[in-house]
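Coordinate inspection notes
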Amino acid sequence: MGEFVVGANLPWLEYGQDFGACAWQPRGGLSRPEKREPLRRALGDLADAGASVVRWWLLGDGRAGLLEDEDGRLLGVDDRLFADVDAALVALRAEGLLVQLVVADFLWFDVPRAVNGARLGGRRQHVRDPARRARLLERVLAPIAERYGRDAAIAGWDLLNEPEWATLGVGTLDPRRSISRREMREFLREAAAVFHARATQPLCVGLASQRWLSLLDGVPLDHHQVHWYESLDSATALARPVEALAPGRPVLLGEFPTRGASLGPRAILEIAREAGYSGALAWSSLATDRATDALACHEALRAWTSRAAPRARRA
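Residues numbered from 1 in each chain as written. Predicted model: local features only at pLDDT ≥ 70, side-chain atom pairs only at ≥ 80, totals over all residues. Heavy atoms only, no water.

1. Examining the overall build of the protein chain
When helices and strands are counted, the protein chain shows nine helices and 12 strands. Taken against the 2.2 N^0.38 rule, which gives 20 Å for 315 residues, the C-alpha radius of gyration of the protein chain at 19 Å falls within 12% of a compact globule. Counting only C-alpha atoms and orienting by the principal axes, one finds that the protein chain spans roughly 55 × 50 × 35 Å. A burial count over the protein chain gives 56% of its 315 residues as buried. Summarising the internal contacts of the protein chain: among those between residues at least 6 apart in sequence, 75% fall at separations of at least 24. Summed over its atoms, the accessible surface of the protein chain is roughly 13,100 Å², and 52% of this surface lies on carbon and sulfur atoms. Looking at charge distribution, the protein chain has the averaged site of its 41 positive side-chain charges lying 1 Å from that of its 41 negative ones. (Helix = DSSP H or I, 4+ residues; strand = E, 2+ residues; numbered from the N terminus. Rg over C-alpha atoms; globule rule 2.2 N^0.38 Å. Buried < 20%, exposed > 50% of the residue type's maximum accessible area, 1.4 Å probe, protein only. Contact = heavy atoms within 4.5 Å. Areas by Shrake-Rupley, 256 points an atom, 1.4 Å probe, with all protein chains shown as cover. Lys, Arg positive; Asp, Glu negative; His and termini not counted. Charge placed at Lys NZ, Arg CZ, Asp CG, Glu CD.)

2. So, the sheet that holds strand 8 (residues 154-161)
Pairing is parallel in the closed barrel, where eight strands are placed in the order 1-2-5-8-9-10-11-12. Sheet twist, expressed as the average angle between the axes of neighbouring strands with direction ignored, equals 25 degrees. Inspection of the sheet shows strand 8 paired to strand 9 (residues 203-207) by three bridges, in the parallel sense. Counterpart to D158 in the pairing with strand 9 is C204. (Pairing = 2+ DSSP bridges. Axes fitted to C-alpha atoms, helices over the stretch in contact; angles between N-to-C directions.)

3. Details of the side chain of D158
As for its position among the elements, D158 is in strand 8. In this structure, D158 is in contact with R55, Q100, L101, V102, V103, C204, V205, G206 and Q225, ignoring residues within four places of it in sequence.

4. Some thoughts on the packing of helix 4 (residues 130-148) against helix 5 (residues 181-198)
Contact pair helix 4 / helix 5: the axes reach a minimum separation of 9 Å and the direction vectors enclose 35 degrees. In this structure, helix 4 meets helix 5 at a crossing whose hand is right-handed. Of the residues in helix 5, those in contact with R133, L136, L137, L141, A142, A145 and E146 of helix 4 are E186, F187, E190, A191, V194, F195 and R198. Residues that form the contact of helix 4 with helix 5 fall into these classes: nine nonpolar, no polar and five charged. (Left-handed = near helix turned anticlockwise from the far one by under 90°. Nonpolar A, V, L, I, M, F, W, Y, C, P; charged D, E, K, R; others polar.)

5. What about the packing of aromatic side chains?
Remark: the centre distance and the inter-plane angle together describe each pair of aromatic rings, the angle taken between the planes. Overall, the coordinates contain nine aromatic pairs when judged by the stated rule. Measuring from ring centre to ring centre gives 6.0 Å for W12 and W283, while their planes differ by 75 degrees; the resulting arrangement is edge-to-face. Separated by 271 residues along the polypeptide, W12 in the loop between strand 1 (5-9) and helix 1 (36-49) and W283 in the loop between strand 12 (279-282) and helix 9 (294-305) bring together distant segments of the chain. Centre to centre, the rings of W57 and W283 are 5.8 Å apart; their planes meet at 70 degrees, and the pair counts as edge-to-face. On the criterion of sequence distance, the pair formed by W57 in strand 2 (residues 53-57) and W283 in the loop between strand 12 and helix 9 is long-range, its members being 226 residues apart. The class of W57 is buried, set by a relative accessible area of 3%. (Phe/Tyr/Trp six-rings, centres within 6.5 Å; stacked < 30°, edge-to-face > 60°.)

Function cannot be inferred from these measures alone, as they are strictly geometric.
Given below as structure tokens:
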């Protein structure tokens with residue numbers, strides 16, 4: 001058994017606004033001077049706790065980082081996206097951390113909403129329509145993979161967070177916010193091809209549950225990633241040997257709760273290691289949902305890695 005990697009989902013400083021410009025942040029995200037200290041503090045806390053990898057959303061639901069014309073067709077990435085990613089990578093290197101970048105979130109496919117001039121979700125046609133999907137692949141994903149596909153600070157790429165919730169008949173029955181299984185597989189296959197042609201880092205897709213691994217049949221990934229929440233899977237399912245899930249394929253436990261489960265985060269880490277997972281990333285360090293206890297997240301990592309106390313902070 002190889003090294004068991006531990007870390008956490010950051011998963012963002014501000015959902016969908018860390019990378020690229022948007023209506024709320026026209027000057028971009030993390031490259032702005034006022035973001036440096038919050039970014040340093042967030043990553044430093046994880047490094048202090050002994051995390052080695054952080055999982056971090058890149059495009060989210062598409063509210064930032066994209067250039068679109070009046071008809072909603074993609075023109076490419078905006079002029080702030082790369083500066084913001086560069087700032088994140090500098091901060092990660094300073095703390096000795098690696099990052100798994102989550103290219104997009106299932107909310108990309110959600111029913112469109114306008115909030116204070118920003119368009120949230122409503123981008124499923126970029127995947128459903130072949131011409132628009134080609135623009136997404138060629139003008140957005142390919143430039144990202146080309147620029148960062150060999151960066152040593154990037155541990156890997158997660159092509160889409162929890163695609164089940166945007167796949168009709170799998171995680172949702174709402175056709176307004178989903179696409180078919182065939183369309184989802186086609187998109188993920190084509191996105192994987194874009195990254196494999198340009199990037200050396202491994203690829204995965206962060207599934208909400210191990211029960212839906214078949215959704216990825218035929219998608220050329222380098223390893224699998226599944227999440228564990230008790231509302232979907234029992235503790236018995238978590239303890240099932242991963243060799244039975246994906247024979248011969250590494251499997252990462254990409255999310256597990258730090259609040260609201262019958263098992264504490266340290267117990268989950270132990271079960272995951274015994275089951276043969278390649279690593280486990282706690283949910284989460286900065287999110288504010290019912291599955292997050294940031295203090296418990298950091299304490300569990302610190303106890304697991306035997307970090308007795310935080311490091312002295314740089315001035």
